[in-house]
Amino acid sequence: MDADINLIEWNLETTETRKYRARTSLDIKFRDLSYTVGEGKNCKQILHEICGVFKSGQLSAILGPSGAGKSSLMNILAGLKKSGILGRVEVNGTERDFKKFRKQAAYITQQDYLLSDLTVDEYMTVAAHLKLGNNVSVKEKKSTIEQILKTLGLTRAQQTRVKCLSGGERKRLSIALELIDNPAILFLDEPTSGLDSSSSLQCIDLLRNIALSGRTVIATIHQPSSRLLDYFHHLYIVTSGSCMYQGPVESLVPYLQSMNLKCPNYYNPADFAIDVASGEFGDVLPKLISEIGNGRRILRKCPSSSPTSTAAFFTHDATFCYDEDANLGRQAETGAGIKQRFMYTAPFHTQVTILLLRALTTIWREKILTRMRFVLHVFVAVLMGLLYWQVGDDAAFIFNNAGMIFFNQIFILYVALVPTILTFTLERKVLVREYLNNWYSLKAYYLAKTLADIPFQIILPLVYMVIVYFMTGQPIDFERFSMLSVITIWISLIGQGFGLFFGAIFSIDVATFIAPIAAIPFLLLSGFFVHLNHIPSNLRWLTYFSVLRYGFEGSMLSVYDNNRTSLACSDSFCHFRYPQKFLQYFGFAQSSYYFNVVGLLIMFLVIRVAGYFALRYKLRHVR
Ligand SMILES: Nc1ncnc2c1ncn2[C@@H]1O[C@H](COP(=O)(O)OP(=O)(O)OP(=O)(O)O)[C@@H](O)[C@H]1O
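Everything numeric here is computed off the predicted structure, so don't read it as measured data.

Focus on the sheet that holds strand β10 (residues 242–248)
With respect to topology, six strands assemble into an open sheet ordered β6-β7-β8-β3-β9-β10, the strand pairing being mixed. Edge positions in the sheet fall to β6 (105–108) and β10, since each has one partner strand and no second. Ignoring strand direction, the axes of neighbouring strands in this sheet form an average angle of 15°. Of the pairings in the sheet, the one linking strand β3 (residues 59–63) to strand β8 (residues 216–220) comprises four bridges and is parallel in character. From the neighbouring strand, Leu59 faces β8, where its bridge partner is Val217.

See the structure below:
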C-alpha cells in the first residue's frame with residue numbers, strides 16, 4: 001500500500017451518482033445473542049447471550065483470542081449465519097429485516113478472492129453494472145469508479161491485472177468493489193491479515209475514514225499493534241463467547257486497571273487484553289463479563305481523574321427499544337420462514353450478459369490453460385491417428401476401430417471434466433463472496449458460466465474429431481461425421497457438467513480424486529467391456545444411467561449403421577465384414593442413434609440441474 005489514500009476528498013453526499021440512493025446511517029444492536037452448532041451430544045454453544053452495540057460513524061474492532069467467537073458474532077450480525085441463533089438483532093432500533101439489511105451491508109472476507117485475469121478497471125466496471133443496475137448511466141458509473149479508485153489510491157493500478165497487484169492493493173480493491181453501491185455497513189473479517197505493518201496501518205486508516213464518512217464499519221482483528229489499535233473508535237472484546245469489554249480504545253487500559261489488571265508499561269494493550277481474555281490472569285473473566293453486563297453496558301471515554309470505582313466508566317446501558325413482555329428478544333432467528341427473495345439491482349438479462357462477458361474474458365486470458373487444452377486435443381488426436389492409421393474401413397482391424405471409438409468418448413469426457421474442476425473450485429470462492437454481497441442471482445451466474453464454456457466444449461471436440469476421423473480412415477460421409485461429432489460434443493458438455501457438479505460440492509483435492517473415480521461405473525456399463533446383451537438382465541437397466549453407454553452406442557451407430565456397405569478385409573479371413581453383424585455382436589443392432597442423442601440430452605439436463613442445486617446447497621451452508 002504505497003499510494004496516497006485521501007478519503008477527505010471523497011464527499012459521498014455531493015457526487016451525482018449517489019443521488020439515486022439516500023445514504024443511511026445504521027446502528028446495530030444485538031441482545032441476548034446465543035449461537036449453537038451441532039445437535040445432541042455434539043451440540044456446542046459458541047455465543048452465550050451476549051449483547052452489544054456498533055454505531056455508525058465509528059470504526060469498531062471485534063477482538064479476542066482465537067476461537068473466542070469473533071467470526072461467529074460478525075457472521076451473525078452480517079446475516080451470513082441464520083441457523084442455531086437465539087436473540088435479537090436491531091438496526092436503528094427496529095428488528096433487522098434480512099431482505100433490507102443484505103442490501104445495506106457488504107461483507108469483505110479475510111482472503112481476497114478475486115478473478116486474477118481482470119484489470120482493476122474491468123473489475124470495477126463489472127461491479128458497477130451489476131450493483132448499480134441499468135438506471136445509472138455509464139457516465140455516472142465511470143465517474144463513481146474513478147472517484148472510488150482515487151479515494152482508495154488505486155488510480156495508478158487501474159489498468160493492472162489483479163494477479164499483478166500487491167497484497168495491500170488487492171485488499172483495497174476488495175473494499176473498493178463493495179463501496180460501489182455505497183453500503184451503510186461494512187463487515188471485514190481480519191482485514192489486515194497477510195499485510196505488512198505499514199499496509200495494515202494504511203488499510204485501517206482507510207477504514208477509519210470510511211467510518212467517519214458516516215458508515216458503520218466493523219472488523220474482526222487479530223493481535224493489532226498498539227498503533228493500529230489507536231485507529232479504532234470502538235472496541236468489543238469477546239472471550240469464550242461472552243463480552244468482557246465494550247467501549248472506546250482509550251478506556252481499555254484504565255478500565256482493566258480499575259479491575260486490578262495492570263497493563264505493564266510499554267506493553268501492547270491489545271496483547272494484554274487478549275492475555276486477560278485467554279484466562280492468563282486467573283479467575284477474573286466472570287467478573288469482567290458481569291461488570292460489563294455481557295455487553296449490556298458500554299464504557300465511556302476514560303475520565304480525566306483516576307476513577308475509584310468502575311462505575312465511573314460506564315456511560316449508559318445499551319438500551320433496547322422493545323417490549324420485554326412481548327418476549328421478542330427470545331425469538332429464534334432460525335431463518336426458517338425468512339424468505340430470501342429480493343430483487344437484485346441489475347435485471348436478470350443484464351446479470352447474465354455481464355457475467356457471460358466476464359467469464360469469456362477470463363477464459364480467453366487464461367491463455368496457458370486454454371492453449372494447453374487445445375494442444376492436448378491436437379496431440380492426442382494425432383497420436384490416435386498414427387496408432388489407428390486408416391483402420392476404419394478394414395474389417396481385420398474392426399476391434400481396434402471400436403476400441404478407438406470408445407477411447408474417444410473417455411478422453412473427451414475426462415478432458416472436459418478435469419479442467420472444469422480445477423478452475424471452478426477456485427472460482428467458487430469468488431462466487432461465494434460476490435453472491436453473499438448481492439451482486440447477482442445464482443441462476444444468472446450458473447447460466448452465464450454454462451454458456452461461456454459452450455464454445456470451447458464444441459470447438460475442441462470438433463478439432464479432435466476432424467483429425468481422428470480422417471487419419472483413422474472412417475467413411476468419407478458428411479452425415480456420419482456430423483452424427484459422430486454431435487455425440488462427442490454432448491459427451492464434452494456432460495463432462496463439463498460433471499466438473500461443475502463435483503467442483504460445487506467438494507474442495508479441489510477431493511473433487512479431483514472423486515470425480516474420475518465416480519466415472520468408472522460409466523465405463524463398466526458402457527457396453528464396451530461387457531456387451532449390452534451379455535449384461536445380466538436384472539442389471540441391464542443400470543446402463544441407462546451411463547453416459548458412456550449412450551456415447552459409445554451412438555458413436556458405433558454413427559460409424560457402422562445406416563446401411564453401411566461391407567468392409568474391406570486385409571487378412572485372409574475377416575469375421576466381421578458386415579457392419580450390422582458387428583453391431584449385433586455388441587448388442588447395438590436394434591438400437592437407434594436418436595435414442596442415444598436423447599439419452600445424452602437428458603443426462604446433460606440432469607447433471608446441469610444437479611450442479612445448480614449442489615451449488616445452491618453449498619452457498620446456503622457457507623453461512
Ligand atoms: N460449525 C461449527 N462446528 C463446530 N464448531 C464450530 C463451528 N463453527 C465455529 N465453531 C467453533 O466455535 C468457536 C468460535 O469460532 P470462531 O470462528 O467464531 O472463532 P474466532 O474467534 O473467529 O477464531 P479465530 O480468531 O481463530 O478465527 C471455535 O472454537 C470453533 O471451533
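Focus: the site of the ligand
Near the ligand there are 13 residues, and of these Ser66, Gly67, Lys70, Ser71 and Ser72 occur at the shortest range. Counting residues per element, the ones that place at least two in the shell around the ligand are β2 (44–54) and α1 (70–77). The element best represented in the shell around the ligand is α1, accounting for three residues. By residue class, the composition of the shell around the ligand is three nonpolar, eight polar and two charged.

Description of the nonpolar core
Within the largest apolar cluster, 165 residues are counted, with the highest numbers of intra-cluster contacts made by Ala176, Phe187, Leu207, Ile237, Ala273 and Met556. Counting residues per element, this core draws most heavily on helix α13 (residues 398–436), at 14 residues. A domain split of this core shows at least three residues from each of domain 1 (26–319) and domain 2 (381–622). For Leu207, the residues in contact, after removing those within four places along its chain, are Leu59, Leu188, Pro191, Val217 and Ala219.

A short note on the UniProt feature "transmembrane region" (unreviewed entry) in the protein chain
Under the UniProt annotation, "transmembrane region" (unreviewed entry) lies at residues 374–391, 403–426, 446–471, 483–506, 513–532 and 593–615. Secondary structure across residues 403–426 comprises 100% helix and 0% strand; the distance between its end C-alpha atoms is 35 Å. With 100% helix and 0% strand, residues 593–615 has end C-alpha atoms that lie 33 Å from one another.

So, the UniProt feature "domain: ABC transporter" (unreviewed entry) in the protein chain
UniProt's feature table lists "domain: ABC transporter" (unreviewed entry) at residues 28–265, given in the numbering used throughout. Along residues 28–265 one finds 34% helix and 26% strand; the C-alpha atoms at either end are 35 Å apart.

Side note on the pairing of strand β4 (residues 85–91)
Across six bridges, strand β1 (residues 28–37) lies against β4 in antiparallel orientation. Across the sheet, residue Arg31 finds its bridge partner in β4, namely Arg88. As defined by bridge partners, β4 adjoins strand β5 (residues 94–95) across two bridges and the pair is classed as antiparallel. Paired with Val91 across the two strands is Thr94, which belongs to β5. What sits between the antiparallel neighbours β4 and β5 is a turn of two residues, in which Asn92 has the positive phi angle 50°.

Quick word on the sheet that holds β2
Pairing in this open sheet of four strands is antiparallel, and the strands run β2-β1-β4-β5 from one edge to the other. Looking at which strands have only one partner, the edges of the open sheet turn out to be β2 and β5. Bridge count for β1 against β2 is seven bridges, and the pairing is antiparallel. Across the sheet, residue Tyr35 finds its bridge partner in β2, namely Leu47. Contacts from α1 reach β1, β2 and β4 within the one sheet, and its direction differs from that of β1 by about 120°.

Structural notes on the environment of Val598
Checked against the element boundaries, Val598 lands in helix α20 (residues 593–622). A residue is classified by how many C-beta atoms lie within 10 Å of it, and Val598, with 12 of them, is exposed. In sequence terms Val598 and Tyr550 are 48 residues apart; their C-alpha atoms lie 8.9 Å from each other.

Brief notes about the environment of Pro224
By the element assignment, Pro224 lies in the loop between β8 and α7 (226–229). Taking the C-alpha atoms as reference points, Pro224 and Ile494, 270 residues apart in sequence, are found 49 Å from one another. Beyond its immediate chain neighbours, meaning those up to four positions away, Pro224 contacts Leu229 and Ala270.

Re the domain arrangement of the protein chain
In terms of domains, the protein chain is made up of domain 1 (26–319) and domain 2 (381–622). Distance from the C-alpha centre of domain 1 to the C-alpha centre of domain 2: 50 Å. On the domain 2 side, the residues contacting the 13 residues of domain 1 number eight residues. Of all elements in the fold, only α2 (98–104), β6 and α3 (120–132) reach the threshold of two or more residues within the side of domain 1 that touches domain 2. The element contributing the most residues to the side of domain 1 that touches domain 2 is α3, with three residues. Across the side of domain 1 that touches domain 2, the residue classes break down as eight nonpolar, one polar and four charged.

Notes on helix α11 (residues 348–365)
Look at α11: 26 Å from first C-alpha to last across 18 residues, which is about the 26 Å you get at 1.5 Å a residue. When we look at burial in α11, the residues that qualify are Gln351, Val352, Ile354, Leu355 and Arg358.

Some words on helix α15 (residues 478–505)
A rise of 1.5 Å per residue sets the reference length of α15, with its 28 residues, at 40 Å; its end C-alpha atoms lie 41 Å apart and thus fit the reference within 8%. Of all 28 residues in α15, 20 are buried, a share of seventy percent or more.

Focus: the packing of α13 against helix α18 (residues 547–560)
Orientation of α13 relative to α18, taken along the N-to-C sense of each, is 135°, at an axis distance of 9 Å. One finds that α13 runs oblique with respect to α18. Once α13 is placed against α18, the crossing between them reads as right-handed. Within the contact between the two elements, α13 uses Ala402, Ile405, Phe406 and Gln409 and α18 uses Leu548, Gly551, Phe552, Ser555, Met556 and Val559.

Here we look at unusual backbone geometry
If you check the backbone angles, Asn182 has positive phi at about 55° while not being a glycine. Structurally, the position occupied by Asn182 is in the loop between α5 (167–179) and β7 (185–189). One non-glycine residue, Tyr266, lies in the positive phi region at around 60°.

Analysis parameters
- Residues numbered from 1 in each chain as written.
- Predicted model: local features only at pLDDT ≥ 70, side-chain atom pairs only at ≥ 80, totals over all residues.
- Pairing = 2+ DSSP bridges.
- Helix = DSSP H or I, 4+ residues; strand = E, 2+ residues; numbered from the N terminus.
- Axes fitted to C-alpha atoms, helices over the stretch in contact; angles between N-to-C directions.
- Near = placed C-beta within 6 Å.
- Nonpolar A, V, L, I, M, F, W, Y, C, P; charged D, E, K, R; others polar.
- Core = buried A, V, L, I, M, F, W, Y, C linked by C-beta atoms within 7 Å.
- Buried ≥ 20, exposed ≤ 12 C-beta atoms within 10 Å, placed from the backbone.
- Domains from an automatic or database assignment.
- Contact = placed C-beta atoms within 7 Å.
- UniProt positions renumbered as here; feature names shortened; annotations may be inferred.
- Expected span 1.5 Å × (residues − 1).
- Parallel < 35°, antiparallel > 145°, perpendicular 65-115°, else oblique.
- Left-handed = near helix turned anticlockwise from the far one by under 90°.

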